Amino acid sequence: MSVLVTGGAGYIGSHMTYALVDRGEKVVVLDDLSTGNRSLVSEQASLVEGDAGDEALVRRLIEEHGVDAAIHFAGSIVVPDSVAHPLGYYANNTVKSRALIEACVQAGVKHFIFSSTATVYDADAPQPLGEDAAKNPISPYARSKLMTEWMLEDASRAHDLSHMVLRYFNVAGADPKGRTGQSSPRATHLIKRAAQAALGRVPHLDIFGTDYPTRDGTGVRDYIHVGDLVDAHLLALDALRAGAPSSTFNCGYGHGASVREVIATVEKAIGRPLPVREGPRRAGDPPELIADPGRIKATLGWQPQRDDLDEIVRSALAWERRFNS
Ligand code: UD1
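Residues numbered from 1 in each chain as written. Predicted model: local features only at pLDDT ≥ 70, side-chain atom pairs only at ≥ 80, totals over all residues. Heavy atoms only, no water.

*Asks:* Please explain the overall build of the protein as it appears in this structure.
*Replies:* In terms of regular secondary structure, the protein is built from ten helices and 14 strands. Taken over the C-alpha trace, the protein has a radius of gyration of 19 Å; the compact-globule value for 325 residues is 20 Å, and the two agree within 12%. For the protein, the C-alpha atoms occupy an extent of roughly 55 × 45 × 40 Å along the three principal directions. Residues classed as buried in the protein amount to 53% of the 325 residues present. Within the protein, contacts between residues at least 6 apart in sequence are counted, and of these 78% link residues at least 24 apart. (Helix = DSSP H or I, 4+ residues; strand = E, 2+ residues; numbered from the N terminus. Rg over C-alpha atoms; globule rule 2.2 N^0.38 Å. Buried < 20%, exposed > 50% of the residue type's maximum accessible area, 1.4 Å probe, protein only. Contact = heavy atoms within 4.5 Å.)

*Asks:* Where do I start with the packing of aromatic side chains in this structure?
*Replies:* To describe a pair of aromatic rings, one takes the distance between the centres and the angle between the planes. In total, this model carries three aromatic pairs according to the counting rule given. Their ring planes at 10° and their centres at 6.3 Å tell us that Tyr-253 and Trp-302 sit as a pair that is stacked. Here Tyr-253, found in the loop between strand S11 (247-251) and strand S12 (257-258), pairs with Trp-302, found in the loop between helix H9 (294-300) and helix H10 (309-323); they are 49 residues apart in sequence, far enough to count as distant. Comparing Tyr-253 with Trp-302 shows no difference in burial state: the two are buried. Its guanidinium or amino end placed over the ring of Tyr-212, Arg-281 lies 4.1 Å from that ring's centre, counting from NZ or CZ. (Phe/Tyr/Trp six-rings, centres within 6.5 Å; stacked < 30°, edge-to-face > 60°. Lys NZ or Arg CZ within 6 Å of the ring centre and 35° of its normal.)

*Asks:* How should I be thinking about the state of the cysteines in this particular structure?
*Replies:* Any covalent bond linking the sulfur atoms of two cysteines counts as a disulfide. Under the defined criterion, the tally for this structure stands at zero disulfides. Unpaired in terms of disulfides, Cys-104 finds its nearest cysteine sulfur in Cys-251, a separation of 20 Å. (Disulfide = S-S within 2.5 Å.)

*Asks:* Please clarify how the sheet that holds strand S9 (residues 220-221) should be interpreted in this entry.
*Replies:* In a beta sheet, neighbouring strands pair by backbone hydrogen bonds and run either parallel or antiparallel. Within the open sheet, the three strands sit side by side as S12-S9-S14. Their pairing is mixed. Among the strands making up the open sheet, the edge pair consists of S12 and strand S14 (288-289). Bridge analysis of S9 against S12 gives two bridges, and the strand direction is antiparallel. By the bridge assignment for S12, Val-220 is matched with Ser-258. (Pairing = 2+ DSSP bridges.)

*Asks:* I tried to follow the environment of Gly-301 on my own but got confused; where do I start?
*Replies:* If you trace the backbone, Gly-301 turns up in the loop between H9 and H10. Once the C-alpha coordinates of Gly-301 and Leu-235 are considered, the two residues, 66 residues apart in sequence, prove to be 7.9 Å apart. Every residue in contact with Gly-301, bar those within four places of it in the chain, is listed here: Leu-235 and Ile-296.

*Asks:* I would appreciate a short explanation of the pattern of salt bridges in the present structure.
*Replies:* Pairing between side chains of opposite charge can happen when the charged atoms of each approach one another. Tallying each qualifying case throughout the model produces 27 salt bridges. The residue Asp-228 makes a salt bridge to Arg-306 at a minimum N-O spacing of 3.0 Å. Placement of Asp-228 in helix H7 (residues 226-241) and of Arg-306 in the loop between H9 and H10 is noted, with a sequence separation of 78 residues between them. For the pair Asp-228 and Arg-306, a shared accessibility class is recorded, and that class is buried. The residue Arg-306 makes a salt bridge to Asp-231 at a minimum N-O spacing of 3.5 Å. (Salt bridge = Lys/Arg side-chain N within 4 Å of Asp/Glu carboxyl O.)

*Asks:* Would you explain the site of the ligand in this entry?
*Replies:* Around the ligand, 22 residues are found, and the nearest of them are Leu-190, Asp-206, Arg-221, Arg-282 and Asp-285. Take Thr-117: an N or O atom from its side chain is 2.9 Å from an oxygen atom of the ligand. In this structure, Leu-190 approaches the ligand through a main-chain N or O atom, which is 2.8 Å from an oxygen atom. Taken by itself the ligand offers 740 Å² of open surface, and the protein chains cover 91% of this. Broken down by secondary-structure element, the contributors of at least two residues to the shell around the ligand are helix H6 (190-198) and strand S8 (205-208). Sorting elements by how many residues they give to the shell around the ligand places S8 first, with four residues. When grouped by side-chain class, the residues that make up the shell around the ligand number ten nonpolar, seven polar and five charged. Mapping the shell around the ligand onto the domain boundaries places at least three of its residues in each of domain 1 (2-172 + 223-251) and domain 2 (190-221 + 254-323). (Near = heavy atom within 4 Å. Polar contact = N/O pair within 3.5 Å; in protein donor to acceptor, adjacent residues only side chain to side chain. Areas by Shrake-Rupley, 256 points an atom, 1.4 Å probe, with all protein chains shown as cover. Nonpolar A, V, L, I, M, F, W, Y, C, P; charged D, E, K, R; others polar. Domains from an automatic or database assignment.)

Listed below in structure tokens is the structure:
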């Protein structure tokens, strides 16, 4: 029995791979290394360089490695890029996911876990967002993810496949053992950018919008430590293997931090002010996105261990120092 991790050389996938091998699972990572990094993959996993949408390759891997479950991280995630290149996003996220699901069904994989996103929700829906909140994916990125959710729902109804969709809120932080972290040189995420600014790797951090209807005028997000997110996947995998029905879960803590609060946390960690530049809102950014994590806690028994912005920021800074040093 082994687990197929697509995108396992990327930020979240590489943490997942370590968590799986740490508990003795056999793991085959499939990654095209377009944004992933070979050096982030645990040496205890088998790394195959290839395309998650290559049905013949995926079927061969499933048969050769005795895969019983797939965890699908591979995909493109930069929202503005998806607006500029929608067809590329549908090809890379939706079309390839379709091929992967097909290969899993044909080769007899029983369980599938999919990385989805909080941006499938209507940003105007009341916060915190439960899984049944209104959907209104406004970017091609979010739509490409919601379409994959729908394909999985339909495929699970028609075939011997059970799945879990995990809708991530804002994932941040790094492996406490320092083995992997957020490594994309083009990362746009706040905590990554703040860590880069803290270490002088970018001249300043932009604050995108100071006039939001929030407590200090800046955007509020539910930052979840990547370690807690990975734990949610392990619980989902165990539940599916134990016969749990297909479900969808939010992954977030249920409270948020503003951009200014994140900056203050970074400043506390480094002991000096961060170079910041206040600017206009970034197109498409909602004021606030907060999860209601009640369902995953009640159903899977998920108990966050690292619900602490200081710890998230410290681990992100530690990784940033190590990664580029
Ligand atoms: C985005 C996507 C989300 C996706 C996630 C991972 C949107 C609305 N959401 O989350 O679907 O799953 O990335 O790819 O696009 N900010 C700054 N300065 C910066 C960077 C960010 O002020 O340099 C602010 C943003 O305006 C926002 C907050 O920080 O208020 C978080 O932004 P970011 O880390 O980019 O994540 P999201 O945009 O929330």
